[in-house]
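Chain by chain, the residues:
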Amino acid sequence: MGQHSVRGEGASGGAGTRKTSPDADSGTAEESGTSDAAAAAGSRAVGADGARAGRGAGAKGAGTGGGRAKNGTAKNGTGKNGTAKGGTSGPPGKGARGGGDGGGGKPRRPRKRRVLRWSAIVLSVLILGTAGAGYLYYQHLNSNLETDDLNLGDHRAPEPTPNSAGQTPLNILLIGSDARDSKENQKLGGAKETFGGPPLADVQMLLHLSADRSNMSVISMPRDTLLTIPKCTDPDDGKVYPESGPRTMTNESLGRGGPGCTVATWEKLTNIHINHFMMVDFAGVVSMADAIGGVPVCVDKNIHSRTSEGKGSGLKLEKGTTNIKGEQALQWLRTRYGFEGGTDISRAKAQHMYMNSLVRTLRENTGLTSPNRLRKLAENATRALKVDPGIGSPLKLIGLGNELKKVSPERTTMTTMPFEYSGARVVPKPGDAEQLFRLVRDDIALDGKGKRKPAKEKLSDDPAAPDGEIALQVQNGTRTATEPAAGGRASAVAQELAGLGFVKAAPDTSASVTEDRTVIRYPSVDLEGDAQRVAKSLGMPLSSVKKSTDVSGVTLVVGADWREGDKPKKAAKQDDSTPDSADALSGSDKKACMKVDPNFTW
């Protein structure tokens, strides 16, 4: 039975300590059917019987009347700015101006389909289906959320180019930590010798939502992937963690300042711009699984994940499909010993099955129309999560959920980063890993359906300066996931450009960047013409010229397509298919069943 992990069973959640004040003024929900459902559900939960829940929220009152939600409030329903209009009067602070039976008219019954859709989408944001239900005692939920910095490294991957409709994709890193920093997490995670030690990012999944919101892709990275972790700075105490060696396990990134270092590690490896992260811990897994009410999973034989030495998650299931929740769901997500192969790769596949089944369950579960169920889900979700400030409020999470709702399970594809073994660990597989990363960077659907709409090339209205007056920085971005940077490329290309008349071209060796193809960036519209002039001189398409706030002037980044020679290689027709080694699984596959190692059956 193969094993290649530093520790026994991995984690499926994350814990955090730092907390900042979330922004409650942005990320408001649009007036739509989804917001109707949220407002209606909130009205039922908050306004019933004289606004019982209104007391807990500090609201002045809430009615049972319906009404459209706009900008995070509901008119003639849960009220405007915390006070409901309409209904009978009552004591201030306990449902006044909106309690009782809602004298403003008959309560508007929420449409069951809309409530289900809202619940399913908002809660399927995470691997554990967690997100915010922002209209239920908003300020209380807002105070539950913890936030941390998005990226603790010195480098950011470039933002993607908008498609022809001006839309951009969304990338979210889902992190599960094995932190044993509380009695509850210690009890669930075992491994007493690691209590209080640095947390490990034992679950890492990059969720990519396409620019047109038609499809979604997920890439899991095995926790024992060997790579270089970039320099990270802890925002709390200013401690600087230097860049690691090339054979450091990726899960160690979380203990180097927080989840922002895990984000920085992903961006360095993949060159994919990450917009947000979400992290959850052991206890969060259990609480959310209980609140959801269970998720069906399948094994092809009886399984008991326990070795003779006492290792294993303890998962014990009978052959076939079982509805798991609570601690049993955590066991499923952590199981390595017992699934065929006995590796983190098998565990990632089991997590994919759970995530797919979770989304389908949430879409179909009529029990989620219950106001009490919605309130419990909202409470547990906001307590379980640590997120970046960009989504650090319930309304922002709902806004994110509204984006994710647009993708059906049929257009959701789960994958594992292609890898090959290096001793007992793994490394990105040359060719295949970069192929998968490129597909996500270029917003190409991993299910092979649909065609990416290229951005239209447009000549700048701003005339270019004379070649000899264009200040031009040149950076070496020839490093890939499998090859080191080609030495001296920034200087060599700067000399080449000087020979073409761009005498102010100069190498910039201060930046550490990675580009699959050579790109020219400019910070403002008044430099667009200059950037396009450089591209034309090198025979590069205008699509290689991109506006970016990451640069202070016209900057040419020499990509992996220009490791040698006097011009970038012309792009050959690329294979846009998902590598077989990514082990793709469709979100609509209801027949998926984990294979059990015969040594762990009973």
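Residues numbered from 1 in each chain as written. Predicted model: local features only at pLDDT ≥ 70, side-chain atom pairs only at ≥ 80, totals over all residues. Heavy atoms only, no water.

**Some remarks on the side chain of S313**
For clarity, the cut-off: What counts as a helix is a DSSP run of H or I of at least four residues, what counts as a strand is a run of E of at least two, and both are numbered from the N terminus. Any pair of N or O atoms that falls within 3.5 Å is considered a polar contact. Within protein, one atom must be able to donate a hydrogen and the other to accept it, and sequence-neighbouring residues count only if both atoms are side-chain atoms.
On the secondary structure map, S313 appears in the loop between β13 (303-304) and β14 (316-317). A distance of 3.2 Å separates a polar side-chain atom of S313 from the backbone nitrogen of L315. At a separation of 2.6 Å, a polar atom in the side chain of S313 contacts the side chain of T335.

**Re the pairing of strand β17 (residues 412-416)**
The criterion, for reference: Here the term buried applies to any residue with accessible area under 20% of the maximum for its type, exposed to any over 50%, and partly exposed to those in between, with areas from a 1.4 Å probe on protein chains only. Two strands pair if DSSP finds at least two bridges between them.
A large share of β17 lies buried, amounting to five of its five residues. Where burial is concerned, the two faces of β17 agree: the one with T412, M414 and T416 and the one with T413 and T415 are both buried. Pairing geometry for strand β6 (residues 216-220) and β17, over five bridges, is parallel. Along β17, the bridge assignment pairs M216 with T412. Across two bridges, the pairing between β17 and strand β25 (residues 585-586) is antiparallel. If you follow M414 over to β25, its bridge partner there is L585.

**Focus: the packing of aromatic side chains**
Condition: Here is the rule: rings of Phe, Tyr and Trp (six-membered ring for Trp) pair when centre to centre is within 6.5 Å. Planes less than 30 degrees apart are stacked, more than 60 are edge-to-face, and the remainder are tilted. Whether a charge sits over a ring comes down to the Lys NZ or Arg CZ being within 6 Å of the ring centre and within 35 degrees of the ring normal.
The tally for this structure, following the rule as stated, stands at two aromatic pairs. Relative to F339, the ring of W332 has its centre 5.1 Å away and its plane inclined at 70°; by these criteria the two rings are edge-to-face. With a relative accessible area of 0%, W332 lands in the buried category. The buried category is assigned to F339, whose relative accessible area is 0%. Aromatic pair F419 and Y421: ring centres 5.6 Å apart, planes at 90°, arrangement edge-to-face. Over the face of the ring belonging to W602 we find K316, whose NZ or CZ atom lies 4.8 Å from the ring centre. Over the aromatic face of Y337 sits the side chain of R336, whose NZ or CZ is 4.5 Å from the ring centroid.

**Some remarks on helix α5 (residues 259-270)**
Note the threshold: What a helix should span is 1.5 Å times the count of its residues minus one.
In a regular helix each residue adds 1.5 Å, so 12 residues correspond to 16 Å; α5 covers 17 Å between its end C-alpha atoms and thus fits that length. Just downstream of α5, N271 is the residue with a positive phi angle, here 60°.

**Overview of helix α12 (residues 489-499)**
Filter applied, for reference: This arc is built from the directions going out from the helix axis to the C-beta atoms. It only takes one pair of heavy atoms within 4.5 Å for two residues to be counted as in contact.
The set of residues buried in α12 consists of R489, A490, V493, A494 and L497. Looking straight down α12, one finds that the buried residues subtend no more than 130° of arc, so they occupy a single side. Residues of α12 that are exposed and point more than 90 degrees away from the buried face comprise Q495 and G499. Considering only its buried residues, α12 is in contact with β20 (472-476), β21 (505-507), α13 (528-537) and β24 (555-558). Immediately beyond the C-terminal end of α12, within one or two residues, lies G501, with a positive phi of roughly 110°.

**Considerations on the environment of F419**
Summarising the element assignment, F419 is placed in strand β18 (residues 419-422). With 74 residues separating them along the chain, F419 and I345 place their C-alpha atoms 9.6 Å apart. When sequence neighbours within four positions are dropped, the list of residues in contact with F419 reads I345, V426, V427, P428 and K429.

**With respect to the nonpolar core**
Threshold: By nonpolar core we mean a set of buried residues, namely Ala, Val, Leu, Ile, Met, Phe, Trp, Tyr and Cys, connected to one another through side-chain atoms within 4.5 Å.
Counting residues in hydrophobic clusters, the biggest one holds 47 residues, and the most contacted among them are L207, M278, V299, L317, W332, F339 and Y354. The leading source of residues in this core is helix α8 (residues 344-364), at five residues. Residues contacting F339, with those up to four places away along its chain left out, are V299, I303, L315, W332, S346, A350, M594, K595 and D597. Counting 31 residues, the second largest nonpolar core, distinct from the first, contains L152, A201, V263 and I272.

**A word on the sheet that holds β21**
As a reminder, the rule being used: Every angle, taken between N-to-C directions, lies between 0 and 180 degrees, and every axis is a line fitted to C-alpha atoms, over only the stretch in contact when it is a helix.
The strand order across the open sheet built from five strands is β21-β20-β24-β22-β23, with neighbouring strands paired in mixed fashion. One side of each edge strand has no neighbouring strand; the edge strands of this open sheet are β21 and β23 (545-547). Averaged over neighbouring strand pairs, the angle between their axes works out to 30° when direction is ignored. Lying over the sheet, α12 contacts β20, β21 and β24, oriented at roughly 145° with respect to β20. Packing against the sheet, α13 makes contact with β20, β22 (519-522), β23 and β24, and its axis sits at approximately 165° to β22.

**Describing the state of the cysteines**
Put simply, the rule is: Only a pair of cysteine sulfur atoms within 2.5 Å counts as a disulfide in this structure description.
The tally for this structure, following the rule as stated, stands at two disulfides. Here C232 connects covalently by a disulfide to C261, the sulfurs 2.1 Å from one another. In this structure the cystine formed by C232 and C261 twists about its S-S bond by roughly 80°; its chirality is therefore right-handed. In this pair, C232 sits in strand β8 (residues 232-233) while C261 sits in helix α5, placing the two residues 29 residues apart along the sequence. Judged on exposure class, the residue C232 and its partner C261 are both buried.

**Observations concerning the pattern of salt bridges**
How we decide: The term salt bridge refers to a side-chain nitrogen of Lys or Arg lying within 4 Å of a carboxyl oxygen of Asp or Glu.
For the structure on display, the rule yields 19 salt bridges. D148 serves as the salt-bridge partner of K386, at 3.9 Å between the closest nitrogen and oxygen. Here the residue K386 occupies a position in strand β16 (residues 385-387), and D148 occupies one in the loop between β3 (146-147) and β4 (170-177), the gap between them amounting to 238 residues. Residue class for K386 comes out buried when judged on its relative accessible area of 4%.

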